[in-house]
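Residue strings, one per chain:
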Amino acid sequence: MFDAFFARAFDVVRTHKRWVLLIVGAITLLSMVGLAFIRYEGNIDLMLPPDKDITRSLQFLRDSNLSDKIVISLAVTAPDKGKKELFLAVDQLSAALKPPLFTKVMSGISMAGAMDEFSVLQYAPQILGEEELARIDGTLTAPFVSAQLKKIYLQSFRPESIFMSSLSRTDPLDIKMLLFGKLKALPASMGYDVAVEDGHFLSRDGRHSMLIVQTSVPMMDSQQSKELVRVLEEELGRLPDYITTDMIGGHFHTVSNEKVIKRDIKVASVIASIAFLVLFLVVFRDPRAFFVFIIPLIAVAWSIIISTFVEGKLSYLVIGFGTAIAGISIDYGLLVYIAMKRGSDASQMIKLAKLVSIDAITTIFSFFVLYFSMIHGYHQLSLFSMLCVLICLLFSLFVLPLVLSWEHFHLVADPTIGDRLKRVNWPAKTIVGIWAGLTVIAAILSFTVQFDSDVKKLDGSEPSVLLAEQHFHAIWGGKTNQAIFVVPGATSEDAMELNDQVYAEAIKTVGPENFTSLALFWSSARTRASNVERWDRFWRSGREAKLRRLITQASDRYQFSDRAFTPFFNGLYAHEGQGKDPNGMLAKLQERFVVQKQDGFRILSYFPDEQSSVDALNAVTQKHPGTFIVSGRVLSASISDFTSREMRFLVPLAILFNIVLSWLFFRNWTETFIALVPVLTGVVWLVGIMALFHMPLNVVNLVAAIVTTGVIVDYGIGMTYEYRYNLRIGTVIAVTLSAVTNVIGAGVMLFARHPALYSTGVAMVICMVAGYLSSVIVVPSLCSLVSSARKEPA
């Protein structure tokens, strides 16, 4: 059936040769033009599992106000310049960052406003709880009150006495320090070691200042992020020469990853082209062989256009596989080229077409397996790769023979080299024994291989981005390993009431020093009302009178009048109806802890991203449905679990496809298993070698291994097929050249800087080299042993 179909199809194509070549040329030209208008997706989310917990965490980070911020550190470098020039530069940059790209810029806080805002007259009754009132009660002693009045008296001689004395009259017990103690949680949650001077954030060395910039640009939006970075760099270029800057934010990773992948694709394409050209010049030295090498490039162009039409937008990581796919897809043209050069007759050419077709089908099915994954990026990779292989197959069988002219054809490599390789007298039993021993060793080592699920290690950002972050954290500190406890609510008050409950349980679980929450310094209205009632009871139960008496006793010593602290006592119960100033510092700082969305509010709390803390607080989430934890550690564990489950399904499925297709081709179990030896060798040796060199597996190189099984199975099928029929179609040299081109296509990714592409290159090269060596050495040895066993009984 296949023989008749192929013969009729080729006759039709040959009859309409001119039209076929014109159509192919026109489509190729249009595809090349269309590539200039294609827009690619630089978001690595496409390559992550759509698990509920993973999706929720990523969506939260994307939608929250944590991912739309950029922090800029400005440093004054000239020794003759100081804080004045530094703050002027900060103000200049702050004024230049305007909407629509920049929605809010925070360069510091007003300490005068903060001191006034956090006086006991406004916030203490609402914020201070039972523990703080007990501490105040402990200060109602004659020695403490006397010492406090002495401090206020001495402060009156300082230049700032006018400002400080007015504050002291409303706070004779220095209760504001209890409020500031609670607000220490803010720098802790932000992770920065920040001082404030002249309304600006200042580092401890006095040479750096900070800007916190909020932007309307989503972190994962590649196009807008590039525009954002461009504008920022333009404004930074206008700063004085003695000002240097470091910037941190997710947008820089988005832009840098795309830049690195683009660079890697260009470098890989150039290196692959040079390597193919050298191979072309050294082995073939025939201009017509150029068509063999150009087929995969045409197929890649066609596949990108078709895949984009279907998917809408392709991931850059998928396009990064293009060079590897080109190396894989060149096999079919090489087999046809070499067979036609050797003068194979029609019957052998039909057998060759059947072999090439089954090779392509096994490769297509290795990519098709990825459609059973739940990861959308794998679907894109699958579609793109299957299209590329299918187009190469059709071109090799039906178009390539039309453009080759065989008169005066010359192949520099000895056309009988394949025959000589076949006649090498390998010591079959020794070869098989060595192979079996090495495979067993690799299998044993494979049990020690590590799986790295940390998606941060797939971040290919440029060193400049990472160095800027390191320098920033060296100056300002900062916690990069924080997890977030998220409390949702339909209204702000609902969320805050639930957050109060969570906070009370969390600090019992992990300790107050390990859990920074909004509830620490601004709780729900119900809790604040309860605090106010407690405050009133506290003072009205004789403590107000006691404090008045103690102040009176100590006032004469420091020459205070009887009415010196009247503002404090007048405001002691004048807190009814007071709330939070919507324009005050507390409201601004609260943005760190509150996220408002269309479906309600979310209150965020922060804690160390350590397994013990995550496990302990997971128990708290179980008690309060709807609450959840966003943790890099949890995210990595979820990805690891999901990937492990998928791989336990996809790997056996890929192997099953290879077994079924090989059996359908041979209809003989012995030859089927011999043909699958390269697959077994490639996979087992890959895992064993990576374990030996302490190289962890990850989501990327596991997929690469699955894909490569469909390639190296072709080596085994081709070698077994030739030995079965004693064909003379140059399979050995074709397999060798195919392996070389495959390794070139995958090996160029070893020059990639992006870790995802590099991991792919490592996995594919190890698999392909192991698969090739076993196909040209072990497969013939097994075939000879089987052949001898069959002859002996006869």
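The text that follows walks through the structure, step by step, so that each part is easy to find. Since we're looking at a predicted model, the values are computed, not measured.

1. What to know about the overall build of the protein
Here's step 1: Within the protein, the secondary structure is distributed over 32 helices and 12 strands.
Here's step 2: Considering the protein as a whole, with its 794 residues, one finds that 55% of them fall into the buried category.
Here's step 3: Considering only contacts within the protein whose residues lie at least 6 apart along the sequence, 84% involve residues at least 24 apart.
Here's step 4: Accessible surface for the protein amounts to roughly 35600 Å². Of this, 61% is attributable to carbon and sulfur atoms.

2. Comments concerning the pairing of strand 2 (residues 69–76)
Here's step 1: Within strand 2, 7 of the 8 residues are buried, leaving the element largely enclosed by the surrounding structure.
Here's step 2: Relative to strand 6 (residues 208–215), strand 2 runs antiparallel, the two sharing 7 bridges. Within the sheet, the bridge partner assigned to Lys-69 lies in strand 6 and is Gln-214.
Here's step 3: Two elements, strand 2 and strand 7 (residues 243–248), share 6 bridges in a ladder whose sense is antiparallel. Residue pairing for strand 7: Ile-72 is matched across the bridge by Met-247.

3. Some remarks on helix 12 (residues 222–236)
Here's step 1: Here helix 12 contains 15 residues, and its C-alpha end-to-end distance of 21 Å stays within 8% of the 21 Å for a straight helix at 1.5 Å per residue.
Here's step 2: Listed in full, the buried residues belonging to helix 12 are Ser-222, Ser-225, Leu-228, Val-229, Val-231, Leu-232, Glu-235 and Leu-236.

4. Some remarks on the packing of helix 22 (residues 492–510) against helix 26 (residues 611–623)
Here's step 1: At a closest axis distance of 10 Å, the pairing of helix 22 and helix 26 adopts a crossing angle of 150°. Put simply, helix 22 runs roughly antiparallel to helix 26. Between helix 22 and helix 26 lies a crossing of right-handed hand. Contacts between helix 22 and helix 26 involve Val-502, Glu-505, Ala-506, Thr-509 and Val-510 from the first element and Ser-613, Ala-616, Leu-617, Val-620 and Lys-623 from the second.
Here's step 2: Among the residues forming the contact of helix 22 with helix 26, the class breakdown is 6 nonpolar, 2 polar and 2 charged.

5. Examining the packing of aromatic side chains
Here's step 1: This model, assessed by the stated rule, comprises 21 aromatic pairs.
Here's step 2: On the numbers, 4.9 Å between centres and 55° between planes, the contact of Phe-365 with Phe-657 is tilted. In this pair, Phe-365 sits in helix 17 (residues 346–368) while Phe-657 sits in helix 27 (residues 632–666), placing the two residues 292 residues apart along the sequence.
Here's step 3: Ring geometry for Phe-368 and Phe-372: centres 5.5 Å apart, planes at 90°, overall edge-to-face.
Here's step 4: Aromatic rings pair up to connect Phe-365, Phe-368, Tyr-371, Phe-372, Phe-649 and Phe-657 into one cluster.
Here's step 5: Across from the ring centre of Tyr-573, 4.2 Å away, lies the NZ or CZ of Arg-540, which sits over that ring.
Here's step 6: In this structure, Arg-548 is placed above the aromatic ring of Phe-569, and the distance from its NZ or CZ to the ring centre is 4.1 Å.

6. Let's talk about the pattern of salt bridges
Here's step 1: According to the stated counting rule, one finds 13 salt bridges in the structure shown.
Here's step 2: A salt bridge links Glu-462 to Lys-259, with the shortest nitrogen-to-oxygen separation between them at 3.8 Å. Residue Glu-462 is located in the loop between helix 20 (428–446) and helix 21 (463–476), and its partner Lys-259 is located in helix 13 (residues 250–284); the two are separated by 203 residues in the primary sequence.
Here's step 3: Judged by relative accessible area, Lys-259 falls into the partly exposed class, the value being 47%.

7. Remarks on empty space enclosed by the protein
Here's step 1: Summed over the entire model, instances satisfying the criterion amount to 5 cavities of 30 Å³ or more.
Here's step 2: Put simply, the largest cavity is a space of about 60 Å³.
Here's step 3: Leu-335, Asp-359, Asp-714, Val-735 and Ser-738 are the residues nearest the centre of the largest cavity, which is lined by 11 residues in total.
Here's step 4: Of all the secondary structure elements, the ones that give two or more residues to the lining of the largest cavity are helix 16 (322–341), helix 17, helix 30 (699–725) and helix 31 (731–747).
Here's step 5: With 4 residues, the top contributor of residues to the lining of the largest cavity is helix 31.
Here's step 6: Partitioned by chemical class, the residues of the lining of the largest cavity number 5 nonpolar, 3 polar and 3 charged.

8. Brief notes about the nonpolar core
Here's step 1: By size, the foremost hydrophobic cluster in this structure holds 133 residues, and its most contacted members are Ile-304, Phe-395, Leu-397 and Ile-717.
Here's step 2: The element best represented in this core is helix 32 (residues 755–791), accounting for 16 residues.
Here's step 3: Non-local contacts of Ile-304, meaning those with residues more than four positions away in its chain, are made with Leu-35, Ile-38, Tyr-40, Leu-314, Ile-319 and Phe-384.
Here's step 4: Core analysis: the second largest hydrophobic core is formed by 62 residues, Ile-127, Ile-152, Ile-175 and Val-510 among them.

9. Considering a nonpolar patch on the surface
Here's step 1: A contiguous nonpolar patch, built from Val-270, Ile-274, Leu-277, Val-278, Leu-281 and Val-282 and spanning about 530 Å² of accessible area, is present on the exposed surface.
Here's step 2: If you trace the backbone, Ile-274 turns up in helix 13.

10. Let's talk about the side chain of Ser-256
Here's step 1: Its location among the elements puts Ser-256 in helix 13.
Here's step 2: Residue class for Ser-256 comes out buried when judged on its relative accessible area of 1%.
Here's step 3: If we ignore the near neighbours within four places in the chain, the residues touching Ser-256 are Ser-461, Glu-462 and Val-465.

Cut-offs and rules
- The numbers attached to residues start from 1 for each chain and follow its sequence in the written order.
- Local features in this predicted model are restricted to residues whose pLDDT is 70 or higher, and side-chain atom pairs enter the listing and the counts only when it is 80 or higher, whereas totals over whole chains, interfaces and linings include all residues.
- Values shown for side chains rest on all heavy atoms present in the structure; no hydrogens or waters enter the calculation.
- Helix and strand definitions follow DSSP, with helices as H or I runs of at least four residues and strands as E runs of at least two, each counted in order from the N terminus.
- Exposure is judged per residue with a 1.4 Å probe applied to protein chains only, and the accessible area is read against the type maximum: over 50% gives exposed, under 20% gives buried, and values in between give partly exposed.
- Two residues qualify as a contact provided that any one of their heavy atoms is within 4.5 Å of a heavy atom in the partner residue.
- Throughout, the Shrake-Rupley method with a 1.4 Å probe supplies accessible areas, and for residues the shown protein chains are the sole cover considered.
- The pairing criterion for strands is at least two bridges between them, as found by DSSP.
- Working rule for helices: expected span equals 1.5 Å times residues minus one.
- Inter-axis angles, ranging from 0 to 180 degrees, are taken between N-to-C directions of lines fitted to C-alpha atoms, where helices are fitted over the stretch in contact.
- Just so you know how the angles are binned, under 35 degrees is roughly parallel, over 145 roughly antiparallel, 65 to 115 roughly perpendicular, and the rest oblique.
- Each crossing gets its hand from how the near helix is turned against the far one by less than a right angle, where anticlockwise is left-handed and clockwise is right-handed.
- By the convention adopted, Pro, Cys, Tyr, Trp, Phe, Met, Ile, Leu, Val and Ala count as nonpolar, Lys, Arg, Asp and Glu as charged, and the other residues, Gly among them, as polar.
- Planes of paired rings set the category: under 30 degrees apart is stacked, over 60 is edge-to-face and the rest tilted, where pairs are Phe, Tyr or Trp rings (Trp by its six-membered ring) whose centres lie within 6.5 Å.
- Two conditions define a charge sitting above a ring: the NZ of Lys or the CZ of Arg must be within 6 Å of the ring centre, and it must be within 35 degrees of the ring normal.
- The term salt bridge refers to a side-chain nitrogen of Lys or Arg lying within 4 Å of a carboxyl oxygen of Asp or Glu.
- Here the term cavity refers to a set of points on a 1 Å grid, laid over the protein atoms alone, in which a 1.4 Å probe fits but cannot get out; the term pocket refers to an open set having protein on both sides within 12 Å along at least five of seven lines, with lining residues being those that place an atom within 4 Å of a point.
- Grid points are joined across faces, edges and corners, and a volume is the space filled by probe spheres set on the points.
- For our purposes a nonpolar core is just a set of buried Ala, Val, Leu, Ile, Met, Phe, Trp, Tyr and Cys residues, chained together by side-chain atoms within 4.5 Å.
- Patch membership requires over 30% relative accessible area and the absence of a salt bridge. Like charges are linked within 9 Å, and nonpolar side chains (Val, Leu, Ile, Met, Phe, Trp, Tyr) within 5 Å.

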